[in-house]
2 protein chains.
Amino acid sequence: MIMKKQKISLKHIAQSLGVSNTLVSLVLNHKGDEHGISKETQKKVYSKAEELEYMPSFMARGLRTGRSYTIGLILSDISNPFYSKMVRYMEDEAAKNEYSFLICSTDESPEKEKKTIKMLIDRQVDGLIISSSQSNPDFLSSLEDKKIPYVLIDRFFEDYPQANSIYVDNMRGIYKGIEYLVSEKYKRIAMFAITPIYISSIQERIDGYLKSLKSFGFDYGNELLVELDFHNLKQSIRSSLNYLIIESGEPIDAIFAINNNVAVASMQVLREMNLNIPNDIALLSFDDIELFQLTNPSISAISQPVEDISKAAVKRIFEIIKNPGSDPEHKTLQTELILRESTQKNK
Amino acid sequence: MIMKKQKISLKHIAQSLGVSNTLVSLVLNHKGDEHGISKETQKKVYSKAEELEYMPSFMARGLRTGRSYTIGLILSDISNPFYSKMVRYMEDEAAKNEYSFLICSTDESPEKEKKTIKMLIDRQVDGLIISSSQSNPDFLSSLEDKKIPYVLIDRFFEDYPQANSIYVDNMRGIYKGIEYLVSEKYKRIAMFAITPIYISSIQERIDGYLKSLKSFGFDYGNELLVELDFHNLKQSIRSSLNYLIIESGEPIDAIFAINNNVAVASMQVLREMNLNIPNDIALLSFDDIELFQLTNPSISAISQPVEDISKAAVKRIFEIIKNPGSDPEHKTLQTELILRESTQKNK
DNA sequence: TATTTATGCTAAATTGATTTAGAGTTGTTA
DNA sequence: TAACAACTCTAAATCAATTTAGCATAAATA
């Protein structure tokens, strides 16, 4: 005869002690004192719960209270090292509060993102952390309607100040990069941006590039601003480089890649073309990833504070969950310039 | 006056149509025909559900049916590119069945792993996919008791055949690597393993190394088998290399790294020591990651079929969920040797 | 002695779905 | 005309917790 281990519920504790479900529930939720349950009875409940290895049913509790102890996390691709690091930090931070994550990749598809948000709402997540790929904030209204807490990271919406957000100062990050390249005597600095992705961070980096050029007195305007096809990155880089280095009269001497994907692809193409980094051309990336220490040459980068972003986002989402009425907050974090070999000419 | 959007439940549909909850539930679960609900009524229910944008409550359904449409995924570290790729494949595969993942990193701590499994059981996951860091399979008995479906990946337990598993042929993978190094005339091939991690995959790779050496007629036994300290990898590699290349009479001419972490760390130390790969020393990694294409020189590797592992694991867990009584299955997948620059001497 | 207060607890409703067992109506057969 | 089946639908229990409203009993006060 096989003994099936039965799932232990509140009722089992109550019955074996001869008390009511209510009492057990109150005690285990630390409301015993508040409701005048005697210390003695409380102790009995605690020790019985331990003895039976009682664990409350998430489903039952969730159904009744509306809380799932789960956060939805929406990002473009978890296999991107920038995000997988982020996830790890968030996971550790949230675990302290017994929270878990449901993680969903959207591949920068606004369509997929909307569906995912709907799905996560149906799963009654207590909050959402979103790195959005939408070009406008309309989709947030459904979250506002349903009073579901959310925090935007990485991207945000200028004309939607009621959204809580963790914000990286892209403009200033780009400025630091240009400033440094200029100090290393690079003269024709191209920005390798991407299209068709309409998100704030990309737009800000482009703006930052154009403004910084001006402030350093370069007058080539947006002549060296390249909008690469995101879905066909390498081919797009090949043809751009061909023009910018070989066909155009004045070759560029530095590439500022708008994110880590673009930097990696650029490096591959430069190697194909037998161009030496940094002597023929310098390479600077926005977004630092571990890989950049290990390539030859190692790649300089504007590093985003991934750990700070992650922790701030988790911290903030918990604050809003606890205190739903609170005013929106916008936290701004700064980037750091990491100097490596790809931007320093050999003497 | 603010109109709060109310969550739509079954009851709302039933009431607005003047039928019972039962009927609505049956229809929406596609059991209408089976229970003789007229086509006409079914149509009404469907269109009302659509009109009200009804979505069933996961909590309520989960409480009643015991199913959560969620899989628990346990691995050592999601920020390791090997696992983050895996997660992405699994996520896409599971989404087809409306399933989501709760992902937990254990940092190879058996303690943490046990806690995590308990937590995931409490959350009523329908199944678990586990890359375990336990040295013995005792912890699986709690899953067996509670009849919770699970699939082991990446690591498994020899004396526990009742566990479903997706298995990579480590032994044969190592053999292919050694065979290739031998064909490239490398003579003194060291294996850089790790300790203290007692998992099957590591053990098999070590065994594979020793057996392969023998079968190619090398007689240095385990003299060149190095067990590096996992928690202090770089320092450990430095001192080993110092001995193996400089102090010992006969320097090694190739390193076989037991996984991607070890390969990356070895590459860094070799560069520090100004040793040329592949002319001074060859480097071959078990586990291929994107990075290895981008370093200079690029790194040869034994590639694990990440996509196949991921899809097979998800496919299998669904099979067991649907059919809990089925016999355990052990699927074996093969590795692939990826040739790059790090193992081919320049002429 | 009658009333109030405090102490320690409980019954029952609720959450939103699924599911068992069966009810009411109409039509068919003996 | 009674018995039976067929068709279409429903009441109520259930899952496991939380929470509202309030019940005994004993002690304190008037």
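The present account deals with the structure reproduced in this document.

Quick notes on the rules
- Residues numbered from 1 in each chain as written.
- Chains lettered and ligands numbered in written order.
- Predicted model: local features only at pLDDT ≥ 70, side-chain atom pairs only at ≥ 80, totals over all residues.
- Heavy atoms only, no water.
- Helix = DSSP H or I, 4+ residues; strand = E, 2+ residues; numbered from the N terminus.
- Buried < 20%, exposed > 50% of the residue type's maximum accessible area, 1.4 Å probe, protein only.
- Polar contact = N/O pair within 3.5 Å; in protein donor to acceptor, adjacent residues only side chain to side chain.
- Pairing = 2+ DSSP bridges.
- Right-handed = clockwise from strand over helix to strand, strands pointing away.
- Axes fitted to C-alpha atoms, helices over the stretch in contact; angles between N-to-C directions.
- Parallel < 35°, antiparallel > 145°, perpendicular 65-115°, else oblique.
- Contact = heavy atoms within 4.5 Å.
- Nonpolar A, V, L, I, M, F, W, Y, C, P; charged D, E, K, R; others polar.
- Least-squares fit on C-alpha atoms with pLDDT ≥ 70 in both.
- Near = heavy atom within 4 Å.
- Buried area = accessible area lost by both parts, 1.4 Å probe.
- Salt bridge = Lys/Arg side-chain N within 4 Å of Asp/Glu carboxyl O.

Some remarks on the environment of S141 of chain A
Residues and elements named next belong to chain A.
Link 1 in the chain: With respect to the helices, strands and loops of the structure, S141 is situated in helix α7 (residues 140–145).
Link 2 in the chain: Residue S141 is classed as partly exposed on the basis of its relative accessible area of 37%.
Link 3 in the chain: Taking the C-alpha atoms as reference, S141 lies 21 Å from S76; in sequence the two are 65 residues apart.
Link 4 in the chain: Within the structure, the side chain of S141 is placed 2.8 Å from the backbone oxygen of D138, a separation counted as a polar contact.

Describing the pairing of strand β1 (residues 70–75) of chain A
Residue and element names in this part refer to chain A.
Link 1 in the chain: For β1, the buried fraction is high: six of the six residues fall into the buried class.
Link 2 in the chain: Burial of β1 is two-sided: the residues T70, G72 and I74 facing one way and the residues I71, L73 and L75 facing the other way are all buried.
Link 3 in the chain: The pairing of β1 with strand β2 (residues 100–105) spans six bridges and is classified as parallel. Each residue of the ladder has a partner; that of I71, found in β2, is F101.
Link 4 in the chain: Each parallel crossover has a hand, and for β1 linked through helix α5 (residues 81–95) to β2 it is right-handed.
Link 5 in the chain: Relative to strand β3 (residues 127–130), β1 runs parallel, the two being bridged by four bridges. What sits directly across from I74, in β3, is I130.

Comments concerning the packing of helix α2 (residues 21–28) of chain A against helix α3 (residues 39–51) of chain A
Residues and elements named next belong to chain A.
Link 1 in the chain: At their nearest, the axes of α2 and α3 sit 10 Å apart, and the two run at 85 degrees to each other. The pairing of α2 with α3 is recorded here as roughly perpendicular in orientation. Residue-level contacts link L23, V24, V27 and L28 of α2 to T41, Q42, V45, Y46 and A49 of α3.
Link 2 in the chain: Residues belonging to the contact of α2 with α3 are distributed by class as follows: seven nonpolar, two polar and no charged.

A closer look at the relation of the copies chain B and chain A
To go from the first copy of the chain to the second, apply a rotation about an axis and then a shift along the same axis.
Link 1 in the chain: Here chain B sits on chain A after a turn of 180 degrees about the axis and a move of 0.1 Å along it, with an RMSD of 0.1 Å. What the rotation and shift describe, once combined, is the action of a two-fold rotation axis. Minimal C-alpha distance to the rotation axis in chain B is attained by T295 of chain B, lying at 2.1 Å.
Link 2 in the chain: Most of the interface of chain B is mirrored in chain A, where 98% of its interface residues again form contacts.

Examining the protein's contact with DNA strand C
Link 1 in the chain: Around DNA strand C there are 27 residues in total, and T22 and R64 of chain A together with L10, S25 and R64 of chain B lie nearest to it.
Link 2 in the chain: Take the atoms of DNA strand C that sit within 4 Å of the protein: sugar and phosphate atoms are 55% of them.
Link 3 in the chain: For DNA strand C, a phosphate oxygen lies 2.6 Å from a polar atom in the side chain of S25 of chain B.
Link 4 in the chain: Residue Y54 of chain B places a side-chain N or O atom 3.0 Å away from a phosphate oxygen belonging to DNA strand C.
Link 5 in the chain: Mapped onto the surface near DNA strand C, the elements with two or more residues apiece are α2 and α4 (58–65) of chain A together with α2 (21–28) and α4 (58–65) of chain B.
Link 6 in the chain: Per element, the largest residue contribution to the surface near DNA strand C is five residues, and it comes from α4 of chain B.

A closer look at the interface of chain B and chain A
Link 1 in the chain: Contact residues are listed per partner, giving 49 residues for chain B and 49 residues for chain A.
Link 2 in the chain: Counting the surface lost from both chain B and chain A, the interface buries some 4,200 Å², and carbon and sulfur atoms represent 54% of this.
Link 3 in the chain: Counting the surface chain B buries against chain A, the share from its top three residues, M59, R123 and L294 of chain B, is 19%.
Link 4 in the chain: The interface formed by chain B and chain A includes four salt bridges.
Link 5 in the chain: Of the charged contacts in the structure, one is a salt bridge between D107 of chain A and R88 of chain B, with a shortest N-O distance of 2.7 Å.
Link 6 in the chain: Inspection of the chain B/chain A interface yields 18 residue pairs in polar contact (both at pLDDT 80 or more).
Link 7 in the chain: Elements represented by at least two residues in the side of chain B that touches chain A include exactly α4, α5 (81–95), β2 (100–105), α6 (110–122), α11 (260–272) and α12 (291–294) of chain B.

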